Amino acid sequence: MSEFRQRYNQKFKEETVKYIQQHSKSIPDIANELNIPAKTLSSWVSKYRQFPDEPFVGSGNLRSHDQIVKDLEQRNQDLEEELAILKKALHIFSKDPK
């Protein structure tokens, strides 16, 4: 008993990748929704996505949570350094000149 192998045209693949990029659903969720294997969708994404420089995680998120946390930690450190500089400047300028 042979299985019927579904073939999809390039336009369908491109539209599907566009749909994946526009939604925050994971690839497995979209695969179930469209009744297409998740591995197939992943290969389409790597081949047809519109913004190749855009970070992409296989779960469907555009950026990994680890990268977001790392960026926020760096921003926090920068702000703490800036606050320390402002405190020093406030201390210097608030002294009474004698």
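Cut-offs used in this document
- Residues numbered from 1 in each chain as written.
- Predicted model: local features only at pLDDT ≥ 70, side-chain atom pairs only at ≥ 80, totals over all residues.
- Heavy atoms only, no water.
- Helix = DSSP H or I, 4+ residues; strand = E, 2+ residues; numbered from the N terminus.
- Contact = heavy atoms within 4.5 Å.
- Patch = residues over 30% accessible without salt bridge, like charges linked within 9 Å, V, L, I, M, F, W, Y side chains within 5 Å.
- Areas by Shrake-Rupley, 256 points an atom, 1.4 Å probe, with all protein chains shown as cover.
- Salt bridge = Lys/Arg side-chain N within 4 Å of Asp/Glu carboxyl O.
- Lys, Arg positive; Asp, Glu negative; His and termini not counted.
- Charge placed at Lys NZ, Arg CZ, Asp CG, Glu CD.
- Buried < 20%, exposed > 50% of the residue type's maximum accessible area, 1.4 Å probe, protein only.
- pLDDT = per-residue confidence, 0-100.
- Axes fitted to C-alpha atoms, helices over the stretch in contact; angles between N-to-C directions.
- Parallel < 35°, antiparallel > 145°, perpendicular 65-115°, else oblique.
- Left-handed = near helix turned anticlockwise from the far one by under 90°.
- Nonpolar A, V, L, I, M, F, W, Y, C, P; charged D, E, K, R; others polar.
- Arc of directions from axis to C-beta.

Enquirer: Even after reading the chapter, I still don't get the side chain of threonine 16, so can you show me in this structure?
Expert: Here threonine 16 lies in helix α1 (residues 10-22). Look past the residues within four positions of threonine 16 in its chain and what remains in contact with it is Leu34, Leu41 and Trp44.

Enquirer: What is the right way to look at a negative patch on the surface in this model?
Expert: A cluster of acidic residues, Asp78, Glu80, Glu81 and Glu82, forms a negative patch at the surface. Note on placement: glutamate 82 falls in helix α4 (residues 65-93). The exposure class of glutamate 82 is partly exposed, given its relative accessible area of 45%.

Enquirer: I tried to follow the confidence of the model for the chain on my own but got confused; where do I start?
Expert: Should pLDDT be low for a region, the predicted coordinates there are not to be read in detail. Here the chain averages 81 in pLDDT, while 82% of its residues score no lower than 70. Mean pLDDT across the secondary structure elements of the chain bottoms out at α1, with 86, and peaks at α4, with 92.

Enquirer: It is not clear to me how the packing of α1 against helix α2 (residues 27-34) should be interpreted in this structure. Could you clarify?
Expert: Two measures define how a pair of helices packs: the angle their axes make with one another and the distance between the axes. At a closest axis distance of 11 Å, the pairing of α1 and α2 adopts a crossing angle of 135°. Classified by the angle between their axes, α1 and α2 sit oblique to one another. Along this stretch, α1 crosses α2, giving a crossing that reads as right-handed. On the side of α1, the interface is formed by Thr16, Tyr19 and Ile20, while α2 contributes Ile27, Ile30, Glu33 and Leu34. Tallied by class, the residues present in the contact of α1 with α2 amount to 5 nonpolar, 1 polar and 1 charged.

Enquirer: Help me understand α2 in this model?
Expert: At 3.6 residues per turn, the α-helix brings residues three or four places apart onto the same side. Those residues of α2 that fall on the buried side of the exposure criterion are Ile27, Ile30 and Ala31. The buried residues of α2 all sit within an arc of 105° when viewed along its axis, so they share a single face. Looking at the residues trailing α2, positive phi occurs at asparagine 35, about 60°.

Enquirer: Sorry, what's going on with the pattern of salt bridges here?
Expert: Any two side chains of opposite charge can pair, so long as their charged atoms come close to each other. Following the criterion strictly, the structure yields 2 salt bridges and no others. Between glutamate 15 and lysine 11 there is a salt bridge, with its nearest N and O atoms 3.4 Å apart. With glutamate 15 and lysine 11 both in helix α1, this residue pair falls 4 residues apart, about one helical turn. When its relative accessible area of 36% is taken as the criterion, glutamate 15 is described as partly exposed.

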